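# Understanding the architecture of this molecule
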Amino acid sequence: MILHDFLPSGNGYKIRLLCACLDLKVTLKQYDITKGETHTESFLAMNPNGKIPVLELDDGQCLSESNAVLLYLAEQYNLAEQHKFALLPTDAILRAKVYKWLFWEQYSHEPNIASPRFWLTHNAMTDLKKQMLPDRIQQGHAALKQMEETLATQAFLVGDFMTLADICLFPYTHVAEEGGSYQLSEYPNIQRWIKNIEALDWFIPITQA
């Protein structure tokens, strides 16, 4: 498989992190999204939305939208008898809770944590974005508070075992401070959760291809 990605992207990192967890080998092909490299004819043929990440399967089919790719990989490769844990629980309620976090991440977390980080770290701030920033930051703190309260009573987001929800939420949460207005020291339960994930033997950092 080939992962078409931009290395600093948390959305791409989700997939690389899951592949590391499942010991799946993928070839990384990088694009500089700040230079329009995902708007070429060849890239748009893979994803008309012009966004990374895109996972190109061995048969040439291409999957986009990071959380959809996570679900595909978990369903295809996370066999409990092989890996001794289930990223997608078989219990219907627990599985729905995983889905809840994946949907929540894209609506309530990523727009408010990831966007300010990108604006600041890639010189993408505009007057309009400056006007939007206070509201984004307020909503971002609300998102972190929700995670903090959940993690106050359990080790991971769905319970005392790691699921796809944790792999989905880890990437942008652990670099939230790069957005300029978040201090993870204010969220000790999140900090503990981050350290627990970073201590896993298959863990790779966001900078690792």
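In this report, we go over the structure that sits alongside the text. (Residues numbered from 1 in each chain as written. Predicted model: local features only at pLDDT ≥ 70, side-chain atom pairs only at ≥ 80, totals over all residues. Heavy atoms only, no water.)

### Points about the side chain of N11
Formally: Where helices and strands are cited, they refer to DSSP runs of H or I of at least four residues and of E of at least two residues respectively, numbered from the N terminus. Each residue's exposure class comes from its accessible area (1.4 Å probe, protein chains only) as a fraction of the maximum for that residue type: buried when under 20%, exposed when over 50%, partly exposed otherwise. Note on definitions: a residue-residue contact is assigned when non-hydrogen atoms from the two residues lie within 4.5 Å.
Its place among the elements puts N11 in helix α1 (residues 10-22). Under the relative-accessibility criterion, N11 is labelled buried at 11%. In contact with N11, other than residues within four places in its own chain, are P53, S66, E105, Q106, E110 and Y172.

### Quick word on the packing of helix α3 (residues 66-77) against helix α7 (residues 164-174)
Under the convention used in this document: The axes used here are C-alpha line fits, helices contributing only the stretch in contact, and every angle between their N-to-C directions lies in the interval 0 to 180 degrees. Left-handed describes a crossing in which the near helix is turned anticlockwise from the far one by less than a right angle; the clockwise case is right-handed. Throughout this entry, Asp, Glu, Lys and Arg are counted as charged residues, while Ala, Val, Leu, Ile, Met, Phe, Trp, Tyr, Cys and Pro are counted as nonpolar. The remaining residues, Gly among them, count as polar.
One way to put it is that α3 packs onto α7 with a least axis distance of 11 Å and a crossing angle of 145°. Note on packing geometry: the crossing formed by α3 with α7 is right-handed. Touching N67, L70, L71 and A74 of α3 are L164, I167 and C168, all from α7. When the residues that make up the contact of α3 with α7 are grouped by side-chain class, the tally is six nonpolar, one polar and no charged.

### As for the pattern of salt bridges
Side chains bearing opposite charge may pair, as long as their charged atoms lie close to each other. Quick note on the threshold: Here a salt bridge means any side-chain nitrogen of Lys or Arg lying within 4 Å of a carboxyl oxygen belonging to Asp or Glu.
Scanning the model with the defined rule gives six salt bridges in all. D5 is the salt-bridge partner of R16, the closest N and O atoms lying 3.1 Å from each other. In this pair, R16 is assigned in helix α1 and D5 in strand β1 (residues 2-5), connecting sequence segments eleven residues apart. We classify R16 as buried; its relative accessible area is 4%.

### Notes on the side chain of N67
Mapped onto the fold, N67 is located in helix α3. In contact with N67, not counting residues within four places along its chain, are K14, L102, E105, Q106 and C168.

### A closer look at the state of the cysteines
Filter applied, for reference: Working definition: a disulfide is two cysteine sulfur atoms within 2.5 Å of each other.
Applying the stated criterion to the full structure yields zero disulfides. With no disulfide of its own, C62 lies closest to C19 among cysteine sulfurs, the gap being 15 Å. C168 carries a free sulfur, and the closest cysteine sulfur to it, the one in C21, is 14 Å from it. The exposure class of C168 is buried, given its relative accessible area of 1%.

### Description of the packing of aromatic side chains
How we decide: The pairing test for Phe, Tyr and Trp rings, Trp by its six-membered ring, is centres within 6.5 Å, and the orientation test on the planes gives stacked under 30 degrees, edge-to-face over 60, and tilted for anything in between. Counting as a charge over the ring demands two things of the Lys NZ or Arg CZ atom: a distance within 6 Å of the ring centre and an angle within 35 degrees of the ring normal.
The full count for this structure, using the stated rule, is six aromatic pairs. Ring geometry for Y31 against F43: centres 5.0 Å apart, planes inclined by 70°, an arrangement best described as edge-to-face. Pair noted here: Y31 is in the loop between β2 (27-30) and α2 (41-46) and F43 is in helix α2, with a separation of twelve residues, a long-range link. The burial state of Y31 is the same as that of F43; both residues are buried. On the numbers, 5.0 Å between centres and 85° between planes, the contact of W101 with W104 is edge-to-face. You can see W101 and its partner W104 sitting in helix α5 (residues 92-121), three residues apart, about one turn around the helix. The exposure class assigned to W104 is buried, which follows from its relative accessible area of 11%. Taken together, the ring pairs in this structure connect Y13, F170, W193 and F203 into an aromatic cluster. Across from the ring centre of W101, 4.0 Å away, lies the NZ or CZ of K100, which sits over that ring.

### Considerations on the packing of α7 against helix α8 (residues 188-198)
Selection rule: Throughout, the term roughly parallel applies to angles under 35 degrees, roughly antiparallel to angles over 145, roughly perpendicular to angles from 65 to 115, and oblique to all others.
Close contact between α7 and α8 brings their axes to 11 Å; oriented N to C, the two are set at 110°. Taken together, the axis directions place α7 and α8 in an arrangement best described as roughly perpendicular. Considering only the axes of α7 and α8, their crossing is left-handed. Contact residues: α7 offers D166, L169, F170, T173 and H174, while α8 offers I190, W193, I194, I197 and E198.

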